[in-house]
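Letter by letter, the chains look like this.
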Amino acid sequence: MKHVFFILGLLVIFHGAAAFGHFNSVVGSSAGAIGEQPLSKIAIHKTKLALRDSASIKATPLLLGIKGEDTEWVDVDFENDKPGDDDWIGVFSPAKFNASNCYDENNRKDQAPYICSSPIKYKFANFSESHYMKTGKASLKFQLINQREDFSFALFAGGLSNPKLVAVSNSIAFANPKAPLYPRLAQGKSWDEITVTWTSGYNIDEAIPFVEWGWKGQKQKRSPAGTLTFERKSMCGSPARTVGWRDPGFIHTSFLKDLWPNTVYTYKLGHLLRNGSYIWSKMYSFRSSPYPGQDSLQRVIIFGDMGKAERDGSNEYSNYQPGSLNTTDQLIRDVKNIDIVFHIGDITYSNGYISQWDQFTAQVEPIASTVPYMIASGNHERDWPGTGSFYDTPDSGGECGVLAETMFYVPAENRAKFWYSTDYGMFHFCIADTEHDWREGSEQYKFIEGCLASADRRKQPWLIFAAHRVLGYSSNKWYGLEGSFEEPMGRESLQKLWQKYKVDIAFFGHVHNYERTCPIYQNQCVNSERSHYSGIVNGTIHVVVGGGGSHLSEFSSVIPSWSLYRDYDFGFVKLTAFNHSSLLFEYKKSSDGKVYDSFTISRDYKDVLACVHDGCEATTLAT
């Protein structure tokens, strides 16, 4: 029984099976798109031992990243004398488990031994080789990223709902599992500041984190970084607190200040070890923001609900987040023509499976390491019953906002309240948090009005509002059945602010499709044009751009008069400001990167100042 000693470490007696129940998460449930986090399909708490010498599994190479790579392909060869159609391979990290990794929510004592932590990904044994059922032999390729721990592979029979552990592989590891990885840039609280956030395995008692940076080709300087992490007890419920828990490592953020506008900087992540040696990341670069109001070419990407997907085909690529990689790859191809990205909620769809956040940051690293990657909070980041979220749903899988607040930086006064403003040249952005109360009289309502009012429209003529749930207009099927074509209480609360402050475009996710309205106020189109708008800003154009990658949402059979373009497909929006008077809007499909809907806006400053219905400044008869 060559597996016994390894399995004694892998399996433990743990009480509380009810806490580990099959956690079904509805992706975009309130938008009508149904999906399930793939890892939640595995009833890992029901695992039974079925080890036998006639089954085996082996992973190679043993050592990964020997040249500093943070992503590697691994070959997994396995044999099974009793092959089944529903056999599957799970990837576990750490490679071994012990009792300290298990958590009991309900203190029950009637559960047999089982694995107490979900795999980080899986594939069915016959995924790529149809002869597995005849020969009992097959090989699979997995792509692994450096996630601070070693890995092992396990062969299961019995399918996902009744797993039986048949064989366990050797362990494999990256040469430096603690390496600093996956930098993500974000705007700071001032225009001349950018933040760099990354993940490593080094706590501050082991190494001092910093960023070395400077003008490209010039002498570099160093800026210190702060370090955050969180513990299992910071999670609000299962699976984040139970089978989905995985140590997140350490998240570091450095603030690069006093940047010169429109300047290329290079940077690399560093850790100074206690013995005086250094650990370095590879070199990256970014271009700093333009001065607010600067007249130059400025390009913005906006989308929501992308999620993560696996390039090796494991877990979910074909049926869970089918558009995610296409969106990611289109942005990577065009990254030299992008200045800033806004991902407006439903970031990873990890739904309480913590390992997925590492995998998402690895997926977007070619984008986020080069341009600011700004996020908003969605239901799958924040919502959990009894935790202060505006919606009392379990959509975050117990994360209750902790992961989003920690893994990414946003320039909010309080990152637990995910609303913030940021400037980029001629753009002023007001990002709302739909998972907290936005209604009139609320703290967030006051922020939204203050943010919109603070825009200097002579310097920043392009005023953009963005939030996750559709607070404006959508002819999504679910909203149509409600009869409101919006998130309840949305535009009733905010449309007078959009009108008063003459918001150009309001963007929303949550609904997994694309839709554009006419310039609209109080449910009425205020402009009959479709492709070019000029002159006075007399209404706001509303855009649903939630087709970043997750399951698509059906439209209502009713097409409202205000709906100008609808697309049941994956895609994103690109805004290009040429100067203070000209803006180009383009909707591109993720499948081919081509433009399928577009319009332009041209106007002068006096057009922004002009009086419009419910948007006129007070006047006096005095002279």
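Residues numbered from 1 in each chain as written. Predicted model: local features only at pLDDT ≥ 70, side-chain atom pairs only at ≥ 80, totals over all residues. Heavy atoms only, no water.

Caption draft 1: The arrangement of the overall build of the protein chain in detail. Within the protein chain one finds 10 helices and 33 strands. Relative to the compact-globule value of 25 Å for 623 residues, the protein chain shows a C-alpha radius of gyration of 25 Å, a close match. When each of the 623 residues of the protein chain is scored for burial, the buried share is 62%. Within the protein chain, residue pairs in contact and separated by at least 24 positions form 74% of the contacts whose partners lie at least 6 positions apart. Carbon and sulfur atoms make up 52% of the accessible area of the protein chain, which totals about 23200 Å². Taken as two groups, the 62 positive and 69 negative side-chain charges of the protein chain have centres that lie 4 Å from each other. (Helix = DSSP H or I, 4+ residues; strand = E, 2+ residues; numbered from the N terminus. Rg over C-alpha atoms; globule rule 2.2 N^0.38 Å. Buried < 20%, exposed > 50% of the residue type's maximum accessible area, 1.4 Å probe, protein only. Contact = heavy atoms within 4.5 Å. Areas by Shrake-Rupley, 256 points an atom, 1.4 Å probe, with all protein chains shown as cover. Lys, Arg positive; Asp, Glu negative; His and termini not counted. Charge placed at Lys NZ, Arg CZ, Asp CG, Glu CD.)

Caption draft 2: The environment of G472, seen in detail. Mapped onto the elements, G472 comes out in the loop between strand 24 (462-467) and helix 8 (477-482). Relative accessible area serves as the criterion here: at 0%, G472 is assigned to the buried category. Separated by 45 residues in sequence, G472 and T517 have C-alpha atoms that sit 9.8 Å apart.

Caption draft 3: Examining the sheet that holds strand 4 (residues 71-79) more closely. Judged by pairing direction, the sheet is antiparallel, and its three strands sit side by side in the order 2-4-7 without closing on themselves. Two strands lie at the open edges of the sheet, namely strand 2 (56-60) and strand 7 (137-145), each paired on one side alone. When strand polarity is set aside, the average angle formed by the axes of neighbouring strands in this sheet is 20°. Note: strand 2 against strand 4, five bridges, orientation antiparallel. (Pairing = 2+ DSSP bridges. Axes fitted to C-alpha atoms, helices over the stretch in contact; angles between N-to-C directions.)

Caption draft 4: Layout of the packing of helix 3 (residues 324-333) against helix 4 (residues 355-368). One can describe the packing of helix 3 onto helix 4 by two numbers: an axis separation of 9 Å at closest approach and a directional angle of 25°. It follows that helix 3 is roughly parallel to helix 4 by the angle criterion. Where helix 3 crosses over helix 4, the handedness of that crossing is left-handed. Here S324, L325, T328, L331 and I332 of helix 3 lie close against helix 4, whose contacting residues are Q363, P366 and I367. Across the contact of helix 3 with helix 4, the residue classes break down as five nonpolar, three polar and no charged. (Parallel < 35°, antiparallel > 145°, perpendicular 65-115°, else oblique. Left-handed = near helix turned anticlockwise from the far one by under 90°. Nonpolar A, V, L, I, M, F, W, Y, C, P; charged D, E, K, R; others polar.)

Caption draft 5: Molecular detail of the packing of aromatic side chains. According to the stated counting rule, one finds 39 aromatic pairs in the structure shown. An angle of 85° between the planes, with centres 5.1 Å apart, marks the rings of W191 and Y291 as edge-to-face. Within this pair, whereas W191 is found in the loop between strand 11 (181-187) and strand 12 (194-200), its partner Y291 is found in the loop between strand 18 (284-287) and strand 19 (298-303), the two being separated by 100 residues in sequence. Look at Y291 and you get partly exposed, because its relative accessible area is 43%. On the basis of an interplanar angle of 65° and a centroid distance of 5.2 Å, the ring pair of Y473 and W562 is categorised as edge-to-face. (Phe/Tyr/Trp six-rings, centres within 6.5 Å; stacked < 30°, edge-to-face > 60°.)

Caption draft 6: Molecular detail of the side chain of N80. Inspection of the secondary structure assignment puts N80 in the loop between strand 4 and strand 5 (88-92). Within the structure, the side chain of N80 is placed 3.0 Å from the side chain of D87, a separation counted as a polar contact. (Polar contact = N/O pair within 3.5 Å; in protein donor to acceptor, adjacent residues only side chain to side chain.)

Caption draft 7: Representation of the state of the cysteines within the structure. The tally for this structure, following the rule as stated, stands at four disulfides. Covalent S-S linkage joins C236 and C400, the inter-sulfur distance amounting to 2.1 Å. The S-S bond linking C236 to C400 shows a torsion near 85°; that makes this disulfide right-handed. Placement of C236 in the loop between strand 14 (221-228) and strand 15 (250-256) and of C400 in the loop between helix 5 (379-382) and helix 6 (402-407) is noted, with a sequence separation of 164 residues between them. Each sulfur in the disulfide pair C518 and C525 lies 2.0 Å from the other. Taking the sign of the S-S torsion, about -85° here, the bridge from C518 to C525 comes out left-handed. Residue class for C525 comes out partly exposed when judged on its relative accessible area of 36%. (Disulfide = S-S within 2.5 Å.)

Caption draft 8: The arrangement of the sheet that holds strand 1 (residues 48-49) in detail. Ordered in space as 1-9-8-5-6, the five strands form an open sheet in which the pairing is mixed. The strands lining the two open edges of the sheet, one partner per strand, are strand 1 and strand 6 (121-124). Across four bridges, strand 8 (residues 152-157) lies against strand 9 (residues 164-168) in antiparallel orientation. Its bridge partner lying in strand 9, A157 is registered against K164.

Caption draft 9: Structural view of the packing of helix 7 (residues 443-453) against helix 9 (residues 490-500). It is at 10 Å that the axes of helix 7 and helix 9 come closest, and there the two elements cross at 15°. With respect to helix 9, the axis of helix 7 lies roughly parallel. As helix 7 runs across helix 9, the sense of the crossing is right-handed. Across the interface between the two elements, Y445, I448, E449 and L452 from helix 7 touch S493, L494, K496, L497, W498 and K500 from helix 9. Here the residues of the contact of helix 7 with helix 9 sort into six nonpolar, one polar and three charged.

Caption draft 10: Structural view of unusual backbone geometry. The amide bond that connects T60 to the next residue, P61, takes the cis arrangement and shows omega of 0°. Within the element layout of this structure, P61 appears in the loop between strand 2 and strand 3 (63-64). For the bond running from S238 to P239, omega is 10°, close enough to zero to count as cis. In this fold, P239 is placed in the loop between strand 14 and strand 15. The phi dihedral of D305 is positive, around 60°, even though this residue is not glycine. Within the secondary structure, D305 is located in the loop between strand 19 and helix 3.

Caption draft 11: Focus on the pattern of salt bridges. Applying the stated criterion to the full structure yields 30 salt bridges. Ionic pairing is found between E193 and K257, a salt bridge with its closest N-O pair at 2.5 Å. Of this pair, E193 sits in the loop between strand 11 and strand 12 while K257 is found in the loop between strand 15 and strand 16 (264-273), placing the two residues 64 residues apart along the sequence. Using a relative accessible area of 7% as the deciding quantity, one classes E193 as buried. What makes K257 partly exposed here is its relative accessible area of 46%. One salt bridge connects K496 with E440, and the closest N-O pair in it is separated by 3.0 Å. Taken as a pair, K496 in helix 9 and E440 in the loop between strand 23 (427-431) and helix 7 lie far apart in primary sequence, 56 residues in all. In this structure K496 comes out as partly exposed when scored by relative accessible area, which is 39%. (Salt bridge = Lys/Arg side-chain N within 4 Å of Asp/Glu carboxyl O.)

What is shown is where atoms sit, not what they do.
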